[in-house]
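Descriptive analysis of the structure
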Amino acid sequence: ARGMTLYTFDKDAKGASNCYDKCAANWPPLAAPADAMAMGEWTVVERKDGTRMWAYKGRPLYTFVKDKAPGDVTGEGAAGVWHVAR
């Protein structure tokens with residue numbers, strides 16, 4: 001919504017997030033509102049902590065706290081497991 005880059009996490013399973021606690025503090029999940037509904041390739045993932053997040057083609061989506069402006073991609077390749085969503 002703010003034009004920030006979205007990322008995927010290699011340690012996620014299709015339709016399931018494995019990024020919590022410190023991970024989620026650095027890689028905030030792309031929050032989905034309570035009334036969000038899947039549409040086409042966009043789906044909603046229920047997280048273990050009760051929150052919901054968006055996924056694209058089954059891949060949960062995240063932003064990165066070190067990205068400060070739209071178009072920043074500082075998280076690309078981080079730890080070898082974070083990638084710009086395509």
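Scope of this entry: the structure provided in the associated data block. (Residues numbered from 1 in each chain as written. Predicted model: local features only at pLDDT ≥ 70, side-chain atom pairs only at ≥ 80, totals over all residues. Heavy atoms only, no water.)

Some points on the state of the cysteines
Note: disulfide means a covalent bond formed between the sulfur atoms of two cysteine side chains. Threshold: In plain terms, two cysteine sulfur atoms within 2.5 Å form what is called a disulfide here. The classification of residues rests on relative accessible area computed with a 1.4 Å probe and restricted to protein chains. Under 20% of the type maximum is buried, over 50% is exposed, and intermediate values are partly exposed.
Summed over the entire model, instances satisfying the criterion amount to 1 disulfide. Paired through a disulfide, Cys19 and Cys23 show a sulfur-sulfur distance of 2.0 Å. Residues Cys19 and Cys23 share a disulfide whose torsion about the S-S bond is about -110 degrees; that sign makes it left-handed. On the basis of relative accessible area, Cys19 is assigned to the buried category, the value being 0%.

What to know about the packing of aromatic side chains
Applied cut-off: Think of it this way: a Phe, Tyr or Trp ring, Trp meaning its six-membered ring, pairs with another when their centres are within 6.5 Å, and the plane angle makes it stacked under 30 degrees, edge-to-face over 60, tilted otherwise. By the criteria applied, helices consist of DSSP H or I runs no shorter than four residues and strands consist of E runs no shorter than two, each listed in order from the N terminus. Only when the NZ atom of a Lys or the CZ atom of an Arg is both within 6 Å of the ring centre and within 35 degrees of the ring normal do we say a charge sits over the ring.
A full pass over the atoms with the stated rule returns 8 aromatic pairs. Judged by centre distance (4.9 Å) and plane angle (55 degrees), the ring pair of Trp42 and Tyr56 falls under tilted. Highlighted residues: Trp42 in strand E2 (residues 42-46) and Tyr56 in strand E3 (residues 52-56), separated in sequence by 14 residues. Ring centres 5.1 Å apart and planes at 90 degrees place the aromatic pair Tyr62 and Trp82 in the edge-to-face group. With Tyr62 in the loop between strand E4 (59-60) and strand E5 (82-84) and Trp82 in strand E5, this pair connects stretches of sequence that are 20 residues apart. Judged by its relative accessible area of 0%, Tyr62 falls in the buried class. Between Arg47 and the ring centre of Tyr20, over which it is positioned, the NZ or CZ distance is 4.2 Å.

Concerning the pattern of salt bridges
Put simply, the rule reads: Salt bridge, as used here, is a side-chain nitrogen of Lys or Arg placed within 4 Å of a carboxyl oxygen of Asp or Glu.
Tallied over the full model, the rule gives 2 salt bridges. Where Glu46 meets Arg52, a salt bridge forms, and the shortest distance between an N and an O atom there is 3.0 Å. The class of Glu46 is exposed, set by a relative accessible area of 51%. Between Asp49 and Arg47 there is a salt bridge, and its shortest N-O distance comes to 3.8 Å.

Some points on the sheet that holds E2
What counts, and what does not: Each pair of strands is called paired provided DSSP finds at least two bridges between the two strands.
Here we have 3 strands laid out as an open sheet, ordered E2-E3-E4, and antiparallel in their pairing. One side of each edge strand has no neighbouring strand; the edge strands of this open sheet are E2 and E4. In this sheet, E3 lies alongside E2 in antiparallel orientation, the contact comprising 5 bridges. Within E3, the residue paired with Val44 across the bridge is Trp54.

Focus on the environment of Gly77
With respect to the secondary-structure elements, Gly77 resides in the loop between E4 and E5. Residue classification places Gly77 among the partly exposed residues on the basis of a relative accessible area of 36%. Between the C-alpha atoms of Gly77 and Lys11, which are 66 residues apart in sequence, the distance is 13 Å.

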